[in-house]
There are 2 protein chains.
Amino acid sequence: MNRIAPPLPFPPALRTLQDRLARSALAQEGRVRQPGTFASWFAGARERSDLRVDRVDLGDLRDWDRDPRTGALRHSSGGFFAIDGLDVRSPSGPVPHWQQPIIHQPEVGVLGLLAKEFDGVLHFLMQAKVEPGNRNHLQLSPTVQATRSNYLRLHKGRAVPYLEYFQERTRHHVVADVLQSEQGAWFFRKRNRNIVIEVTEDIAVQEDFRWLTLGEIYRLLAVEDIVNMDTRTTLSCLPLAGGGLDRLMDTGDGFRDALARSCAGGEGGVHSIDELQSWITEHRAQGELTTRPVPLNELRDWHVSPERISHTSGRFFSVIGVNVSAGTREVGGWSQPMLEPHGTGVIAVLVKEIDGVLHVLLRASVEPGYLDGVELSPTVQFTPESVPPGTDRPRFVDAVLSAPPERVRFACLLSEEGGRFHHALNRYLVVEADGDAGLTEDRDFRWLTLHQLSTLLRHSHYLNVQARSLVACLHSLLAPGPGGTPGR
Amino acid sequence: MNRIAPPLPFPPALRTLQDRLARSALAQEGRVRQPGTFASWFAGARERSDLRVDRVDLGDLRDWDRDPRTGALRHSSGGFFAIDGLDVRSPSGPVPHWQQPIIHQPEVGVLGLLAKEFDGVLHFLMQAKVEPGNRNHLQLSPTVQATRSNYLRLHKGRAVPYLEYFQERTRHHVVADVLQSEQGAWFFRKRNRNIVIEVTEDIAVQEDFRWLTLGEIYRLLAVEDIVNMDTRTTLSCLPLAGGGLDRLMDTGDGFRDALARSCAGGEGGVHSIDELQSWITEHRAQGELTTRPVPLNELRDWHVSPERISHTSGRFFSVIGVNVSAGTREVGGWSQPMLEPHGTGVIAVLVKEIDGVLHVLLRASVEPGYLDGVELSPTVQFTPESVPPGTDRPRFVDAVLSAPPERVRFACLLSEEGGRFHHALNRYLVVEADGDAGLTEDRDFRWLTLHQLSTLLRHSHYLNVQARSLVACLHSLLAPGPGGTPGR
C-alpha cells in the first residue's frame with residue numbers, strides 16, 4: 001500500500017525541494033495523527049456547513065446596486081466584484097465580433113497553501129470549504145482562499161484563518177508565489193496570487209482543516225467534484241520538476257516512467273523552451289483580439305429579465321442572483337450575482353510519449369479577459385452546447401471523445417470556482433494520442449514536456465486556469481495505485 | 001588592440017551561444033571587409049539623410065485628426081498611435097492623484113537585430129537611422145525598427161528592409177524573442193517585440209547598414225547620443241549569461257571580473273530568483289495604482305494652446321507637433337505629434353561587489369502605462385525639473401550624483417526613442433555604491449546579479465526600458481579598453 005522510502009537520515013534543507021515533493025506525491029497515507037479518517041472529517045464538515053442557496057431576482061440582491069446608466073451590477077461597498085458588458089472583436093476567429101457580460105474583479109486574491117513536513121513527508125493544510133456555486137457545496141480548498149475584500153473584511157465578517165502566514169513570509173520558506181489568470185471568457189483580467197509556504201513551526205489545526213500529503217490529494221483529485229479549482233491551480237505551481245525526481249522513475253509502468261522523465265526534464269523536449277517562448281511571442285505580437293466596455297443593459301443578443309441575463313440563443317451562460325446562508329463562512333449570509341454556464345464542458349489534453357518522454361499538446365489561445373492577450377490552453381476546451389450552429393467543432397474534439405478507455409489516463413468531472421460560477425462543471429480528460437505526433441502541430445498547437453510547463457508556471461500569463469488544472473491532474477498520475485492505472 | 005582568441009577549430013553549433021556572445025563582446029574590431037571606417041560610413045549616412053524637422057501647430061498636423069468630443073489626436077488611417085488623456089490614482093505614492101496626456105500604441109512593433117558569424121565572431125547588422133526626435137537626427141538602430149503600421153505600409157511608403165528575416169523565422173536561429181514594455185510614464189501599455197535572429201546565409205548589405213561586433217557596439221554605447229534606445233533594449237535581451245563566459249573572467253581587473261561572475265551566475269546572488277519573484281509578486285498583488293481614460297481636452301492642470309499641451313506648472317512634458325521631411329525614410333515626409341520632456345533626466349544604478357559578485361540595486365516601481373502593474377526600474381530614475389515642490393527627491397539621488405569620479409563606471413548622455421519623443425535626453429550612470437549593501441534594501445529595493453536580470457529578461461513585464469538600457473551599459477563594461485576603465 002505504502003511504497004514510500006524510509007525516513008531520510010538528513011534534515012529537510014539538505015534534500016532538494018523536488019525530492020521532497022516527489023516523496024509527498026508517493027505518500028498515500030499521512031504521517032500526522034489526526035482525528036478520524038478523511039471521509040469522516042469531510043462528512044463532519046459537511047454536517048456543520050449548513051449552506052443554503054436560493055435563487056433571487058437580480059433586482060433583489062441585498063447590498064448590490066445596478067448602475068442606473070449602464071445596468072452594471074456592483075457591490076455597495078465598492079469591493080468584491082462587478083458585472084458589466086464587454087464588446088469583443090477577433091477578426092480572424094470563428095466568431096469575429098460579439099458582446100457579453102463579464103466579471104470585473106481588479107483586486108488580487110490569495111490562494112495560499114501551507115506546507116509542513118511531518119515524519120520526513122511534506123503535508124499540505126487543506127480546508128473543507130463551502131461555496132454557493134458548488135453543486136455539492138463542500139469541496140477541498142487551499143488553506144486560504146480569499147479576495148482582498150474578504151480579508152480586509154469589507155463584509156464585516158470573521159477573520160480569514162492562517163492568512164497571516166502568507167502576509168508575513170520572511171520567517172518561512174516560499175515554495176511558489178506567482179499571479180495567475182482565471183477564466184478569460186468570464187473574468188476581465190482577473191488574477192489570483194498562487195502561493196505555497198513551508199513552515200516548520202507548530203500550527204494549531206482548526207476544525208475544518210486537515211493535513212494531507214500530495215499523494216492523498218492526488219488520489220482525491222480523481223474523485224468526482226471534491227478537489228476545487230483553487231486547489232488545482234495552486235498545486236500546478238508546485239515545482240515538481242527538474243532533478244530530485246529520481247524516486248518517481250523506473251516503476252516498470254511505461255506511462256508513469258515517461259511522465260516522470262517529462263517532469264524531470266533535461267534533454268528530450270521536441271521544442272526548446274526558447275522556441276516555445278518565441279512561438280508565444282509571435283502569437284502575442286499578432287494581438288488581433290480587442291475589447292471595449294459597453295453597458296450591460298445594452299448588450300447585443302443578450303436578454304435582461306428580472307431573474308437573469310441570458311443570450312437570446314440560450315447558449316453560453318446566464319447571470320443569475322442567489323441568496324446564501326452559511327454557518328461556517330466568515331459571514332452568516334449574503335447575496336450575490338453568479339455566472340451559470342449552460343452545459344457541461346470538455347477540457348482535455350492529448351498526451352504522447354515522444355522518444356521516451358511524455359509530451360502534452362497545448363494550444364496558443366486568445367480569450368477576451370487575458371491580461372497579456374495569449375495563454376496556453378488545453379488541446380480541447382469547449383462546451384458542446386455553446387458551439388454556434390454552422391461553426392465547426394474545435395480541432396481534436398473527436399480524437400478526445402472517441403478514444404478507447406485504455407487510452408483515457410484521467411477522467412473526472414470537476415467544478416470551476418464556486419464563489420463566482422454556479423454549477424460550472426467540466427469533464428477533465430488526459431487522453432493518449434494515437435498516430436503521428438508531428439501531424440498534430442500547426443500554427444496554434446505545440447507539444448510540451450511537463451518540465452517546460454513547470455518552467456512557464458513560475459511566471460504569470462503562460463498557462464490558463466484550465467491548463468493548470470490539467471497539470472495538477474497529470475502530476476497526480478505520478479502517484480502509484482488507482483491514479484496510475486489506465487482507464488480509471 | 002585586439003585581444004580575442006584565434007578562430008576555434010569546431011563549428012558554431014558546437015560552441016555555446018554564451019561563449020560566442022562573449023567572444024563578440026571582446027572583439028573590438030570587425031572581421032568583415034566593409035567599405036571605409038565606421039566613422040566615414042556614419043558620416044556618409046548623415047549626409048544622405050537630409051532630415052528636416054519643423055514645429056507646427058497641433059491643429060495643422062497633416063493626416064492627424066482631433067476627436068471633436070475628447071480632443072484625442074489620432075492618425076487618419078486609424079494606425080500608428082494616438083494621444084489621449086489618463087487619470088491616475090496611486091493612493092500611497094508621493095502624488096496620490098494626477099491626470100496627464102498619454103500615448104496609446106496598441107500594435108506591437110518589431111525591434112529586430114540580425115546576427116551572423118564572420119571568421120568565428122558574431123556580428124550584428126546595425127542601421128544608421130534618422131528619427132525626428134533625435135537631437136542629432138541620426139543614430140545607430142537595430143536592423144529593423146518598425147511599427148506594424150510601418151511594415152503594413154499604411155503610409156504607402158517603401159518596404160522595411162530585412163523585415164522578412166523576422167517574419168519567416170523557421171529557417172534561422174532565434175537568439176531572443178520577447179515582448180518588452182516602453183516608458184510607462186508616457187505610453188499606455190505599449191510593447192515591442194525584441195527579437196534577435198542568427199542567420200548563416202549571405203545577406204546583401206544596403207547602404208545605411210553595417211555589420212558590427214558586440215565589442216564595437218559596446219564601445220559606441222559610451223559615446224554621447226549614438227546608440228539609440230531600440231538598440232539598447234534589444235542588446236539587453238541577449239543571453240549574455242550562464243556558462244560559456246569563462247573567457248571574460250580573470251582579466252586582473254577586479255571590477256570586470258566581478259561583473260563577469262555576475263553574468264555567469266551560479267551561486268553568489270544575495271537573493272534566490274524565487275525570492276526575487278516572490279518580492280515582485282508581493283508588489284503586484286498590492287496593485288494600488290489605478291487608471292481610467294479621460295478626455296485630452298479636459299485634463300486637470302494641463303493647458304491646451306495651438307502649439308502645445310503643457311502642464312500648468314511647466315514641469316513634466318509637452319505634446320507638440322512637427323512636420324518632417326527625410327530622404328532616406330520609407331516615406332518622403334510626414335507630420336506627427338511628439339512628447340517633449342522638460343529637462344534632462346538621471347537614470348542610474350548603484351552596483352556593488354558582494355562576495356566577489358557584482359550586484360545591481362533595482363527598485364520595484366509602478367508607472368501608469370505598465371501592463372502588469374509593477375516592473376523593476378533603475379535605482380534612480382528622475383528628472384530634477386519634474387520634482388514637484390514640497391516633495392522629496394527620490395532615494396539614492398545624492399549617492400549617485402555626489403559619487404567621486406573613480407566610482408562612476410559608466411556615464412553617458414543617451415536619447416529615448418526619437419520616433420515619439422522630442423529631445424528626450426537622459427544621463428545614464430553606473431555608480432559603485434559606498435558603504436554597507438545591507439542597509440540599502442527596503443520594501444522597494446533589492447540587489448540582483450546580472451545573471452538574474454538576464455533570466456528575468458527572457459520574459460515580459462520584469463525590467464522597464466530604462467533598466468534594460470542600463471543592462472546593455474553594464475554588459476558593455478565586460479569589454480576591455482575604454483569601456484572597462486573607471487571614470488570614462
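Residues numbered from 1 in each chain as written. Chains lettered and ligands numbered in written order. Predicted model: local features only at pLDDT ≥ 70, side-chain atom pairs only at ≥ 80, totals over all residues. Heavy atoms only, no water.

### Things to note about the overall build of chain A
Right, so step 1: Looking only at helices and strands, one finds eleven helices and 25 strands in chain A.
Right, so step 2: Expressed as lengths along the three principal axes of its C-alpha atoms, the size of chain A is roughly 65 × 55 × 40 Å.
Right, so step 3: Excluding contacts between residues fewer than 6 apart, the proportion of contacts in chain A whose partners are at least 24 apart in sequence is 73%.
Right, so step 4: Across chain A, the mean location of the 53 positive side-chain charges is 3 Å away from that of the 60 negative side-chain charges. (Helix = DSSP H or I, 4+ residues; strand = E, 2+ residues; numbered from the N terminus. Contact = heavy atoms within 4.5 Å. Lys, Arg positive; Asp, Glu negative; His and termini not counted. Charge placed at Lys NZ, Arg CZ, Asp CG, Glu CD.)

### Concerning the relation of the copies chain A and chain B
Right, so step 1: Note on the identical chains: chain A maps onto chain B by a rotation of 180° and an axial translation of 0.0 Å, with an RMSD of 0.0 Å. Between the two chains, the operation in question is that of a two-fold axis. Looking at the rotation axis and the C-alpha trace of chain A, the residue lying nearest is Leu371(A), at 3.8 Å.
Right, so step 2: An overlap of 100% is found between the interface residues of chain A and their copies at the interface of chain B, pointing to a shared contact surface. (Least-squares fit on C-alpha atoms with pLDDT ≥ 70 in both.)

### Some remarks on the interface of chain A and chain B
Right, so step 1: In this assembly, 26 residues from chain A lie in contact with 26 residues from chain B.
Right, so step 2: When the buried area of chain A at its contact with chain B is split by residue, Thr281(A), Arg458(A) and His459(A) rank highest and sum to 20% of it.
Right, so step 3: Here chain A is connected to chain B by six salt bridges.
Right, so step 4: When residues in the side of chain A that touches chain B are grouped by element, the largest group, nine residues, is from helix 8 (residues 273–286) of chain A.
Right, so step 5: Its residues assigned to classes, the side of chain A that touches chain B shows eight nonpolar, seven polar and eleven charged. (Buried area = accessible area lost by both parts, 1.4 Å probe. Salt bridge = Lys/Arg side-chain N within 4 Å of Asp/Glu carboxyl O. Nonpolar A, V, L, I, M, F, W, Y, C, P; charged D, E, K, R; others polar.)

### What to know about the pairing of strand 10 (residues 173–181) of chain B
Residues and elements named next belong to chain B.
Right, so step 1: Strand 10 sits mainly inside the fold: eight of its nine residues count as buried.
Right, so step 2: Relative to strand 12 (residues 191–199), strand 10 runs antiparallel, the two sharing eight bridges. By the bridge assignment, Ala176 is partnered in strand 12 with Val196. (Buried < 20%, exposed > 50% of the residue type's maximum accessible area, 1.4 Å probe, protein only. Pairing = 2+ DSSP bridges.)

### Examining the packing of aromatic side chains
Right, so step 1: Within the structure shown, the criterion is met by 22 aromatic pairs over all chains.
Right, so step 2: Arranged with centres 5.4 Å apart and planes meeting at 15°, the rings of Phe38(A) and Phe42(A) form a pair that is stacked. Within this pair, Phe38(A) and its partner Phe42(A) are both found in helix 2 (residues 38–49), separated by four residues, close to a single helical turn. Take Phe38(A) and Phe42(A): they sit in the same class, and that class is buried.
Right, so step 3: Between Phe38(B) and Trp41(B) the ring centres are 5.5 Å apart and the planes differ by 55°, which places this aromatic pair in the tilted class. Within this pair, Phe38(B) and its partner Trp41(B) are both found in helix 2 (residues 38–49), separated by three residues, close to a single helical turn. Like Trp41(B), Phe38(B) is buried.
Right, so step 4: The structure contains a cluster of three or more aromatic residues connected by ring pairs, namely Phe38(A), Trp41(A) and Phe42(A). (Phe/Tyr/Trp six-rings, centres within 6.5 Å; stacked < 30°, edge-to-face > 60°.)

### Quick look at the pattern of salt bridges
All names here are of chain B.
Right, so step 1: By the definition in use, this model includes 54 salt bridges over all chains.
Right, so step 2: In this structure, the salt-bridge partner of Arg48 is Asp208, at a minimum N-O distance of 2.6 Å. You can see Arg48 sitting in helix 2 and its partner Asp208 sitting in the loop between strand 12 and strand 13 (209–213), a full 160 residues away along the chain.
Right, so step 3: On the basis of relative accessible area, Arg48 is assigned to the partly exposed category, the value being 29%.
Right, so step 4: With a shortest N-O distance of 3.2 Å, Asp444 and Arg443 are connected by a salt bridge.

### Notes on helix 11 (residues 465–476) of chain A
Residues and elements named next belong to chain A.
Right, so step 1: Counted at 1.5 Å a residue, the expected span for helix 11 with its twelve residues is 16 Å, and the 17 Å between its end C-alpha atoms agrees.
Right, so step 2: Judged by how many residues are buried, helix 11 sits mostly within the fold: twelve of twelve residues are covered.
Right, so step 3: Within helix 11, the full set of buried residues consists of Val465, Gln466, Ala467, Arg468, Ser469, Leu470, Val471, Ala472, Cys473, Leu474, His475 and Ser476. (Expected span 1.5 Å × (residues − 1).)

### Section: the side chain of Ser90(A)
Right, so step 1: You can see Ser90(A) is positioned in the loop between strand 4 (82–89) and strand 5 (97–104).
Right, so step 2: Once residues within four sequence positions are removed from consideration, Ser90(A) is found in contact with Val95(A), Pro96(A), Trp98(A) and Leu289(A).

### Observations regarding the state of the cysteines
Residues and elements named next belong to chain A.
Right, so step 1: Inspection of every chain in the model, using the stated rule, returns zero disulfides over all chains.
Right, so step 2: The closest cysteine sulfur to the non-disulfide-bonded Cys412 is located on Cys473, 7.5 Å from its own sulfur.
Right, so step 3: For Cys412, a relative accessible area of 3% gives the class buried. (Disulfide = S-S within 2.5 Å.)

### Some remarks on helix 6 (residues 229–236) of chain B
For an α-helix, the turn length of 3.6 residues means that residues three or four places apart are oriented alike.
Residue and element names in this part refer to chain B.
Right, so step 1: A large share of helix 6 lies buried, amounting to eight of its eight residues.
Right, so step 2: Considered for burial, the residues of helix 6 that qualify are Met229, Asp230, Thr231, Arg232, Thr233, Thr234, Leu235 and Ser236.
Right, so step 3: Taking the backbone nitrogen of Asp230 as reference, a side-chain oxygen 3.2 Å away marks Asn228 as the first, capping residue of helix 6. (Polar contact = N/O pair within 3.5 Å; in protein donor to acceptor, adjacent residues only side chain to side chain.)

### Section: the pairing of strand 4 (residues 82–89) of chain B
Residue and element names in this part refer to chain B.
Right, so step 1: Counted residue by residue, strand 4 has seven buried out of eight residues, so it is predominantly covered.
Right, so step 2: Of the strand pairs in this sheet, strand 3 (residues 73–75) and strand 4 are connected by two bridges, and their pairing is antiparallel. Among the inter-strand pairings, Arg74 is bridged to a residue of strand 4, identified as Ala82.
Right, so step 3: Where strand 4 meets strand 5 (residues 97–104), eight bridges bridge the pair, whose relative direction is antiparallel.

### Some points on the environment of Asn426(A)
Residues and elements named next belong to chain A.
Right, so step 1: Relative to the helices and strands, Asn426 is located in strand 24 (residues 425–432).
Right, so step 2: The buried category is assigned to Asn426, whose relative accessible area is 8%.
Right, so step 3: For Asn426 and Thr383, which are 43 residues apart along the polypeptide, the C-alpha to C-alpha distance reads 8.4 Å.
Right, so step 4: In this structure, Asn426 is in contact with Thr344, Gly345, Val346, Ile347, Cys412, Leu413, Leu414 and Glu416, ignoring residues within four places of it in sequence.

### Some thoughts on the environment of Val223(A)
All names here are of chain A.
Right, so step 1: Counting through the fold element by element, Val223 comes out in the loop between helix 5 (214–221) and helix 6 (229–236).
Right, so step 2: On the basis of relative accessible area, Val223 is assigned to the partly exposed category, the value being 38%.
Right, so step 3: Residues Val223 and Thr449, spaced 226 residues apart in sequence, show a C-alpha to C-alpha distance of 26 Å.
Right, so step 4: Once residues within four sequence positions are removed from consideration, Val223 is found in contact with Cys412 and Leu414.

### Brief notes about the side chain of Thr147(B)
Residue and element names in this part refer to chain B.
Right, so step 1: The topology assignment puts Thr147 in the loop between strand 9 (144–146) and helix 3 (148–151).
Right, so step 2: According to the relative accessible area criterion, Thr147 is buried, its value standing at 10%.
Right, so step 3: Beyond its immediate sequence surroundings of up to four residues, Thr147 is in contact with Phe80, Gln105, Glu107, Gly109 and Arg420.

### Side note on unusual backbone geometry
Right, so step 1: The phi angle at Asp63(A) is positive, at roughly 70°, despite the residue not being glycine.
Right, so step 2: Take Asp63(A): its relative accessible area is 45%, and that puts it in the partly exposed class.
Right, so step 3: Of note in the backbone geometry, His423(B) takes a positive phi value of approximately 55° without being a glycine.
Right, so step 4: Secondary-structure assignment places His423(B) in the loop between strand 23 (408–415) and strand 24 (425–432).
Right, so step 5: Overall, His423(B) belongs to the partly exposed group, its relative accessible area being 35%.

### Examining the confidence of the model for chain A
All names here are of chain A.
Right, so step 1: The predicted model of chain A averages 91 in pLDDT, with 93% of residues at 70 or higher.
Right, so step 2: Across residues 1–10, where pLDDT falls below 50, the model places 21 contacts with residues more than four positions away in sequence or in other chains.
Right, so step 3: Ignoring residues within four places in sequence, the model shows residues 483–488, a span with pLDDT below 50, making 20 contacts including any to other chains.
Right, so step 4: Scored as a whole, the predicted complex attains pTM 0.94, and scored at its interfaces, ipTM 0.93. (pLDDT = per-residue confidence, 0-100.)

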